[in-house]
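Inside the fold
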Amino acid sequence: MSRKWTQQEAADVLGLTQPKLSKMLRGQFRGLSEAKMLDCLTRLGWDVQIVVGPDRRAVSTGRVAVVFA
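The model shown is predicted, which means the values in this text are computed figures rather than measured ones.

1. Re the confidence of the model for the chain
Considering every residue of the chain, the mean pLDDT works out to 87; 93% of them sit at 70 or more. When the elements of the chain are averaged for pLDDT, helix H3 (residues 34-43) gives the smallest value, 94, and helix H1 (residues 7-14) the largest, 96.

2. Brief notes about the side chain of Lys 36
With respect to the helices and strands, Lys 36 occurs in helix H3. From its side chain, Lys 36 meets the backbone oxygen of Leu 14 in a polar contact 3.0 Å long. In contact with Lys 36, not counting residues within four places along its chain, are Leu 14, Gly 15, Leu 16 and Arg 43.

3. Quick notes on the environment of Phe 29
In this fold, Phe 29 is placed in the loop between helix H2 (18-25) and H3. Considering only alpha carbons, one finds Phe 29 and Gly 62, 33 residues apart in sequence, at a separation of 24 Å. In this structure Phe 29 touches Met 24 and Met 37, once residues within four positions along its chain are discounted.

4. Let's talk about H2
Leu 21, Ser 22 and Met 24 are the residues of H2 that are buried. Take H2 and look down its axis: the buried residues cluster within an arc of 160°, on one side only. Taken together, the buried residues of H2 touch H1. Two to three positions downstream of the cap, the backbone nitrogen of Lys 20 sits 3.2 Å from a side-chain oxygen, assigning the N-cap of H2 to Thr 17. Following H2 by one or two positions, Gly 27 has its phi on the positive side, about 85°.

5. Observations regarding the pattern of salt bridges
On inspection of all chains with the given rule, the structure shows 2 salt bridges. Put simply, Asp 39 and Lys 36 hold a salt bridge, and the shortest N to O gap is 3.2 Å. Taken together, the residues span about one helical turn, with Asp 39 and Lys 36 both in helix H3 at a distance of 3 residues. Residue Asp 39 pairs with Arg 43 through a salt bridge whose shortest N-O separation is 2.8 Å. Of this pair, Asp 39 and Arg 43 both sit in helix H3, separated by 4 residues, roughly a single helical turn. Taking the relative accessible area as the measure of exposure, Asp 39 reaches 25% and is therefore partly exposed. Accessibility expressed as a relative area gives 41% for Arg 43, which makes it partly exposed. What emerges from the salt-bridge pattern is a single network uniting Lys 36, Asp 39 and Arg 43.

Rules of the game
- Residues numbered from 1 in each chain as written.
- Predicted model: local features only at pLDDT ≥ 70, side-chain atom pairs only at ≥ 80, totals over all residues.
- Heavy atoms only, no water.
- pLDDT = per-residue confidence, 0-100.
- Helix = DSSP H or I, 4+ residues; strand = E, 2+ residues; numbered from the N terminus.
- Polar contact = N/O pair within 3.5 Å; in protein donor to acceptor, adjacent residues only side chain to side chain.
- Contact = heavy atoms within 4.5 Å.
- Buried < 20%, exposed > 50% of the residue type's maximum accessible area, 1.4 Å probe, protein only.
- Arc of directions from axis to C-beta.
- Salt bridge = Lys/Arg side-chain N within 4 Å of Asp/Glu carboxyl O.

Written out as C-alpha cells, the structure is:
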C-alpha cells in the first residue's frame, strides 16, 4: 500500500526522526531495536504475531521465519 508520505510525515507517524527513518530505508538498522521495528509496524496498522513452539528433536537448531499474511 502506497501512502505517498514524505519521509518527515512517515517519521512523525513512526515516532522516528527523519534521519533515522532515512537510514532505516537504506537498510542501516544500527541503533534501531527489534522492539522499535515492531512498534513501527503496529503504527502502520500491521498486526505482529510472535509464535514460539516446542523444540523439534530432529534438528539441532531452531529457525526464524517471517510470514506476511
